[in-house]
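Chain and residue survey
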Amino acid sequence: MTIDTAALRAEQLAKASGVICRDDFGAEPLQLIAGADVGFEQDGEVTRAAFAVLRYPSLELVEYRIARIETQMPYIPGFLSFREAPALLAAWAMLGHHPQLVVVDGHGRSHPRRLGVASHFGLLADVPTIGVAKRRLCGKFEPLAPEAGALQALRDKEEQIGWVWRSKVRCNPLFISTGHRVSLPTALSFVQSCMRGYRLPEPTRWADAIASRRPAFQRWLKEHPQSDAQ
DNA sequence: GCGACAG
DNA sequence: ATCTTGTCGC
């Protein structure tokens, strides 16, 4: 299987033009927020997407879902969304709750052609999304102060494509950007309101814990025996 | 031409 | 992303 990156590149530009960078969700206050994370199994043959739905602003877990599908594409920097979006859509379709906002592990508009996974998924599912990545893909930023809360704009040319924010001391910063239907200022404030003492915001931290069967999740399972979260 | 390069 | 235990530091 050989990949026509020129065609994918054109598709990215076309889709990126449909991405909305303003706040565009209901007037009702946010009640459900979700976190999404993608991983791989069986030497990459299987793609696994996990969603964690949390009540907002309490951030308690109310539902989680995991979808596993056959991997469609290899990993190519800049084209991650084509590899991860199918599994995300499959897991999204399994949800019983309908979160008004999704925090995706990965970049949103802070992408060379402005279509990171968070934007691509948000567009396909037509849901507001925010991208929270652990590493930079493109853009430049001024040195970040060492203390928690330090903030810098992530810029590409003249345009601001995201934020570089140190969520915790002695931890590498997070790269926050608009996914779809969320403005840059709003993206930052929602992420900040989802922190509970860890480097990652709760939605994404839960999605990762669930997908990787982390101790924190195992503990939650024992504490919620009769839960209908799944 | 050279280096960078989410998950 | 994934393979993986202990270990150093606050």
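Rules of the game
- Residues numbered from 1 in each chain as written.
- Chains lettered and ligands numbered in written order.
- Predicted model: local features only at pLDDT ≥ 70, side-chain atom pairs only at ≥ 80, totals over all residues.
- Heavy atoms only, no water.
- Near = heavy atom within 4 Å.
- Polar contact = N/O pair within 3.5 Å; in protein donor to acceptor, adjacent residues only side chain to side chain.
- Nonpolar A, V, L, I, M, F, W, Y, C, P; charged D, E, K, R; others polar.
- Pairing = 2+ DSSP bridges.
- Helix = DSSP H or I, 4+ residues; strand = E, 2+ residues; numbered from the N terminus.
- Axes fitted to C-alpha atoms, helices over the stretch in contact; angles between N-to-C directions.
- Buried < 20%, exposed > 50% of the residue type's maximum accessible area, 1.4 Å probe, protein only.
- Right-handed = clockwise from strand over helix to strand, strands pointing away.
- UniProt positions renumbered as here; feature names shortened; annotations may be inferred.
- Contact = heavy atoms within 4.5 Å.
- Parallel < 35°, antiparallel > 145°, perpendicular 65-115°, else oblique.
- Left-handed = near helix turned anticlockwise from the far one by under 90°.

1. Considering the protein's contact with DNA strand C
Lining the immediate environment of DNA strand C, one finds Gly 39, Phe 40, Arg 48 and Lys 134. Separating a phosphate oxygen of DNA strand C from a side-chain N or O atom of Arg 48 is a distance of 3.4 Å. Of the residues belonging to the surface near DNA strand C, the class tally is one nonpolar, one polar and two charged.

2. Remarks on the sheet that holds strand E2 (residues 46-55)
With respect to topology, eight strands assemble into an open sheet ordered E3-E2-E1-E4-E5-E8-E7-E6, the strand pairing being mixed. A single partner strand is all that each edge strand has here, and the edge strands are strand E3 (61-70) and strand E6 (151-156). Strand-to-strand twist in this sheet, taken as the mean axis angle between neighbours without regard to direction, amounts to 25 degrees. Pairing of E2 with E3 involves nine bridges; the strand directions are antiparallel. Its bridge partner being in E3, Ala 49 is matched across the sheet by Ala 67.

3. Here we look at the pairing of strand E5 (residues 129-133)
The buried fraction of E5 is high, at five of five residues. Taking every second residue as pointing to the same face, both faces of E5 are buried, with Thr 129, Gly 131 and Ala 133 on one and Ile 130 and Val 132 on the other. Summarising the sheet, strand E4 (residues 101-105) and E5 pair through four bridges and their orientation is parallel. Bridge pairing links Val 104 to Gly 131 in E5. As a crossover connection, the stretch from E4 through helix H3 (residues 117-125) into E5 is right-handed. Across five bridges, the pairing between E5 and strand E8 (residues 174-180) is antiparallel. Paired with Val 132 across the strands is Ile 176, a residue of E8.

4. Looking at the UniProt feature "site: Interaction with target DNA" (unreviewed entry) in chain A
Listed under "site: Interaction with target DNA" (unreviewed entry) in the UniProt record, and renumbered for this structure, are Tyr 75. Residue placement: Tyr 75 occurs in the loop between E3 and helix H2 (80-94). If near-sequence neighbours (up to four positions away) are discounted, Tyr 75 is found in contact with Leu 80 and Arg 83.

5. With respect to the packing of H2 against H3
Between two packed helices, the angle of one axis relative to the other and the distance separating the axes together describe the packing. Where H2 contacts H3, the axes come no closer than 9 Å and their chain directions differ by 45 degrees. Taken together, the axis directions place H2 and H3 in an arrangement best described as oblique. Between H2 and H3 lies a crossing of right-handed hand. Only Val 117, His 120, Phe 121, Leu 124 and Ala 125 of H3 make contact with H2, whose side of the interface consists of Leu 80, Ser 81, Phe 82, Glu 84, Ala 85, Leu 88, Leu 89 and Trp 92.

6. So, the packing of helix H5 (residues 202-211) against helix H6 (residues 215-223)
Remark: H5 packs on H6, axes separated minimally by 7 Å, with the N-to-C direction vectors making an angle of 85 degrees. Here H5 is positioned roughly perpendicular relative to H6, judged by the angle of their axes. Residues Trp 206, Ala 209 and Ile 210 of H5 lie in contact with H6, whose contacting residues are Ala 216, Phe 217 and Trp 220.

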